[in-house]
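Inside the fold
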Amino acid sequence: FTGRFSDDDWSHALGGVHVLATVDGEPAGHAAVVVRQLITGGRTLRTGYVEAVATAATMRRRGVGAAVMAETERLVRGGFELGALAASEDGARLYTARGWLPWSGDLAALTPDGVVVTPGAVVFVLPTPATPAPLDPAVRLACDWRRGDLW
(Lines give C-alpha, C1' and ligand atoms only; values in the text may rest on other atoms or scores of the structure.)
Protein backbone atom coordinates (compact mmCIF):
# COMPACT_ATOMS: atom_id res chain seq x y z
CA PHE A 1 0.00 0.00 0.00
CA THR A 2 3.07 2.23 0.08
CA GLY A 3 2.20 4.58 2.94
CA ARG A 4 -1.55 4.70 2.30
CA PHE A 5 -2.52 2.02 4.84
CA SER A 6 -3.21 3.36 8.33
CA ASP A 7 -3.57 1.49 11.61
CA ASP A 8 -7.35 1.89 11.23
CA ASP A 9 -7.17 0.38 7.74
CA TRP A 10 -5.29 -2.58 9.22
CA SER A 11 -7.86 -3.03 11.98
CA HIS A 12 -10.67 -3.03 9.39
CA ALA A 13 -9.12 -6.09 7.71
CA LEU A 14 -8.82 -8.09 10.94
CA GLY A 15 -11.37 -10.63 12.11
CA GLY A 16 -12.30 -11.85 8.67
CA VAL A 17 -11.11 -14.40 6.17
CA HIS A 18 -7.96 -13.46 4.28
CA VAL A 19 -7.25 -14.45 0.69
CA LEU A 20 -3.56 -14.44 -0.18
CA ALA A 21 -2.01 -15.05 -3.59
CA THR A 22 1.65 -15.95 -3.89
CA VAL A 23 3.97 -16.22 -6.86
CA ASP A 24 7.15 -18.25 -6.39
CA GLY A 25 6.52 -18.21 -2.64
CA GLU A 26 6.29 -14.41 -2.43
CA PRO A 27 3.11 -12.47 -1.54
CA ALA A 28 1.50 -11.14 -4.72
CA GLY A 29 -2.06 -10.21 -3.77
CA HIS A 30 -4.40 -9.95 -0.78
CA ALA A 31 -8.00 -9.27 0.20
CA ALA A 32 -10.00 -9.81 3.38
CA VAL A 33 -13.72 -10.49 3.80
CA VAL A 34 -15.07 -9.16 7.09
CA VAL A 35 -18.60 -9.22 8.47
CA ARG A 36 -20.47 -5.92 8.45
CA GLN A 37 -24.10 -4.88 8.72
CA LEU A 38 -25.41 -2.66 5.92
CA ILE A 39 -28.90 -1.20 5.97
CA THR A 40 -30.99 -0.42 2.90
CA GLY A 41 -34.68 -0.32 2.13
CA GLY A 42 -35.57 -0.97 5.76
CA ARG A 43 -33.50 -4.17 5.90
CA THR A 44 -30.27 -4.98 7.69
CA LEU A 45 -28.12 -7.21 5.51
CA ARG A 46 -25.37 -9.52 6.70
CA THR A 47 -22.61 -8.29 4.42
CA GLY A 48 -19.27 -9.71 3.37
CA TYR A 49 -17.31 -6.48 3.22
CA VAL A 50 -14.09 -6.68 1.20
CA GLU A 51 -11.12 -4.88 2.72
CA ALA A 52 -7.40 -4.46 2.09
CA VAL A 53 -7.40 -5.44 -1.58
CA ALA A 54 -3.89 -5.08 -2.97
CA THR A 55 -1.67 -6.50 -5.67
CA ALA A 56 2.12 -6.20 -5.59
CA ALA A 57 3.22 -3.55 -8.09
CA THR A 58 5.33 -6.06 -10.04
CA MET A 59 2.34 -8.44 -10.34
CA ARG A 60 -0.29 -6.00 -11.64
CA ARG A 61 -2.05 -6.77 -14.92
CA ARG A 62 -1.08 -10.45 -14.65
CA GLY A 63 -4.33 -11.88 -13.27
CA VAL A 64 -3.36 -11.85 -9.60
CA GLY A 65 -6.09 -9.36 -8.64
CA ALA A 66 -8.66 -11.32 -10.62
CA ALA A 67 -7.63 -14.56 -8.90
CA VAL A 68 -7.85 -12.97 -5.44
CA MET A 69 -11.24 -11.46 -6.26
CA ALA A 70 -12.58 -14.76 -7.63
CA GLU A 71 -11.91 -16.47 -4.29
CA THR A 72 -13.19 -13.45 -2.36
CA GLU A 73 -16.43 -13.49 -4.39
CA ARG A 74 -16.84 -17.23 -3.77
CA LEU A 75 -16.66 -16.58 -0.04
CA VAL A 76 -19.11 -13.67 -0.24
CA ARG A 77 -21.64 -15.58 -2.37
CA GLY A 78 -21.43 -18.60 -0.10
CA GLY A 79 -22.00 -16.93 3.24
CA PHE A 80 -23.59 -13.50 3.00
CA GLU A 81 -26.70 -11.67 1.91
CA LEU A 82 -24.63 -9.06 0.11
CA GLY A 83 -21.05 -8.26 -0.82
CA ALA A 84 -19.76 -4.70 -0.64
CA LEU A 85 -16.54 -2.74 -0.92
CA ALA A 86 -15.26 0.80 -1.29
CA ALA A 87 -13.34 1.32 -4.49
CA SER A 88 -10.52 3.46 -5.73
CA GLU A 89 -10.65 4.71 -9.32
CA ASP A 90 -8.30 1.93 -10.44
CA GLY A 91 -10.19 -0.72 -8.49
CA ALA A 92 -13.56 0.39 -9.86
CA ARG A 93 -12.64 -0.87 -13.34
CA LEU A 94 -11.76 -4.32 -12.00
CA TYR A 95 -14.90 -4.60 -9.88
CA THR A 96 -17.22 -3.42 -12.66
CA ALA A 97 -15.70 -5.93 -15.07
CA ARG A 98 -16.33 -8.67 -12.48
CA GLY A 99 -20.03 -7.82 -12.10
CA TRP A 100 -19.97 -5.64 -8.99
CA LEU A 101 -22.61 -2.90 -9.16
CA PRO A 102 -21.95 0.73 -8.23
CA TRP A 103 -24.28 2.00 -5.51
CA SER A 104 -25.98 5.11 -6.92
CA GLY A 105 -28.04 6.14 -3.91
CA ASP A 106 -26.90 8.18 -0.93
CA LEU A 107 -24.33 6.61 1.36
CA ALA A 108 -24.50 7.08 5.11
CA ALA A 109 -23.12 5.67 8.34
CA LEU A 110 -24.65 4.94 11.72
CA THR A 111 -22.39 6.88 14.09
CA PRO A 112 -22.43 7.67 17.80
CA ASP A 113 -23.90 11.04 16.72
CA GLY A 114 -26.68 9.47 14.63
CA VAL A 115 -26.94 8.85 10.90
CA VAL A 116 -24.34 10.83 8.95
CA VAL A 117 -24.27 11.14 5.16
CA THR A 118 -20.89 10.12 3.73
CA PRO A 119 -20.39 11.97 0.43
CA GLY A 120 -17.44 11.10 -1.73
CA ALA A 121 -17.36 7.38 -1.00
CA VAL A 122 -17.57 5.04 -3.98
CA VAL A 123 -19.21 1.76 -2.99
CA PHE A 124 -19.86 -1.33 -5.07
CA VAL A 125 -22.13 -4.24 -4.14
CA LEU A 126 -22.29 -7.85 -5.21
CA PRO A 127 -25.71 -9.50 -4.90
CA THR A 128 -25.60 -13.11 -3.71
CA PRO A 129 -28.11 -15.97 -3.83
CA ALA A 130 -29.26 -14.82 -0.37
CA THR A 131 -29.81 -11.16 -1.33
CA PRO A 132 -33.41 -10.22 -0.53
CA ALA A 133 -35.29 -8.96 -3.57
CA PRO A 134 -35.69 -6.30 -4.63
CA LEU A 135 -32.35 -4.60 -4.06
CA ASP A 136 -32.58 -0.97 -5.17
CA PRO A 137 -29.15 0.69 -5.55
CA ALA A 138 -30.83 4.10 -5.91
CA VAL A 139 -31.95 4.28 -2.25
CA ARG A 140 -29.79 5.05 0.78
CA LEU A 141 -27.22 2.50 1.93
CA ALA A 142 -25.95 2.87 5.50
CA CYS A 143 -23.01 1.12 7.10
CA ASP A 144 -22.23 0.34 10.71
CA TRP A 145 -19.84 2.65 12.55
CA ARG A 146 -16.11 2.09 12.94
CA ARG A 147 -13.03 4.24 13.50
CA GLY A 148 -11.25 5.57 10.44
CA ASP A 149 -12.79 5.37 6.99
CA LEU A 150 -16.42 4.39 7.39
CA TRP A 151 -16.53 2.74 3.97
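Reading the values: the criteria
Residue numbering note: each chain is counted from 1, following its sequence as written. Two thresholds apply to this predicted model, a pLDDT of at least 70 for residue-level local features and 80 or more for giving and counting side-chain atom pairs, whereas whole-chain, interface and lining totals are computed over all residues. No hydrogens and no water enter the side-chain calculation; it runs on all heavy atoms of the structure. In this description, strands pair whenever DSSP reports at least two bridges between them. Segments assigned H or I by DSSP are reported as helices when at least four residues long, segments assigned E as strands when at least two residues long, and all are numbered from the N terminus. The handedness of a crossover follows from its direction of travel: if, with the strands pointing away from the viewer, the path from the first strand over the helix to the second runs clockwise, the crossover is right-handed. Pairs of N or O atoms within 3.5 Å make up the polar contacts considered here, provided that, within protein, one atom can donate a hydrogen while the other can accept it, and that residues adjacent in sequence are counted only when both atoms are side-chain atoms. By definition in these notes, contact holds between two residues if any of their heavy atoms fall within 4.5 Å. The buried label goes to any residue with under 20% of its type's maximum accessible area, the exposed label to any with over 50%, and the partly exposed label to all in between, with areas taken from a 1.4 Å probe on protein chains only. By definition, the arc is the one covered by directions from the helix axis to the C-beta atoms. In summary, the pairing rule links any two rings of Phe, Tyr or Trp, Trp by its six-membered ring, whose centres are within 6.5 Å, and it sorts them by plane angle into stacked for under 30 degrees, edge-to-face for over 60 and tilted for everything else. Among buried residues, those of type Ala, Val, Leu, Ile, Met, Phe, Trp, Tyr and Cys that are joined through side-chain atoms within 4.5 Å constitute a nonpolar core.

A few words on the pairing of strand β3 (residues 43–55). Bridge count for strand β2 (residues 26–40) against β3 is 11 bridges, and the pairing is antiparallel. For L38, the partnering residue across the bridge sits in β3 and is L45. Once β2 ends, the chain turns through two residues before running back antiparallel as β3, passing G41 with a positive phi of about 55 degrees. Of the strand pairs in this sheet, β3 and strand β4 (residues 82–86) are connected by three bridges, and their pairing is parallel. Note that in β4 the partner of G48 across the bridge is G83. With helix α2 (residues 64–79) bridging β3 and its parallel neighbour β4, the resulting β-α-β unit is right-handed.

Next up on the list: the side chain of H30. Along the chain, H30 turns up in strand β2. At a separation of 2.8 Å, a polar atom in the side chain of H30 contacts the main-chain carbonyl oxygen of A52. Contacts of H30, omitting those with residues within four sequence positions, involve H18, V19, L20, A52, V53, A54 and V68.

Sheet analysis places strand β6 (residues 107–111) next to strand β7 (residues 114–117), joined by four bridges and oriented antiparallel. Paired with T111 across the bridge in β7 is G114.

To continue, consider helix α3 (residues 89–97). Residues G91, A92 and Y95 constitute the buried set of α3. In a view along the axis of α3, the buried residues occupy a sector of 105 degrees, so they form one face of it. Opposite its buried face, α3 presents the exposed residues E89, D90 and A97, each directed more than 90 degrees away. Of the surrounding elements, those touching the buried residues of α3 are β3, α2, β4 and β8 (123–127). At the N-terminal end of α3, a side-chain oxygen is found 3.0 Å from the backbone nitrogen of G91, two or three residues along, and the residue is S88. Residue G99 follows α3 closely and has a positive phi angle near 95 degrees.

Mapped onto the fold, D106 is located in the loop between β5 (101–102) and β6. The partly exposed category is assigned to D106, whose relative accessible area is 48%. Between the C-alpha atoms of D106 and G63, which are 43 residues apart in sequence, the distance is 33 Å. Contacts of D106, omitting those with residues within four sequence positions, involve V139, R140 and L141.

Tallied over the full model, the rule gives two aromatic pairs. In textbook terms, an aromatic cluster arises when at least three aromatic residues are bridged by ring pairs, as seen for Y95, W100 and F124.

Counting 19 residues, the largest nonpolar core has L85, Y95, W100 and F124 as its most contacted members. Those elements that provide at least two residues to this core are β1 (17–23), β2, α2, α3 and β8. Looking at this core element by element, the count peaks at four residues for α2. Non-local contacts of L85, meaning those with residues more than four positions away in its chain, are made with Y49, V50, M69, Y95, W100, V122, V123 and F124. In this structure, L38, V123, L141 and L150 belong to the second largest nonpolar core, which totals 15 residues.

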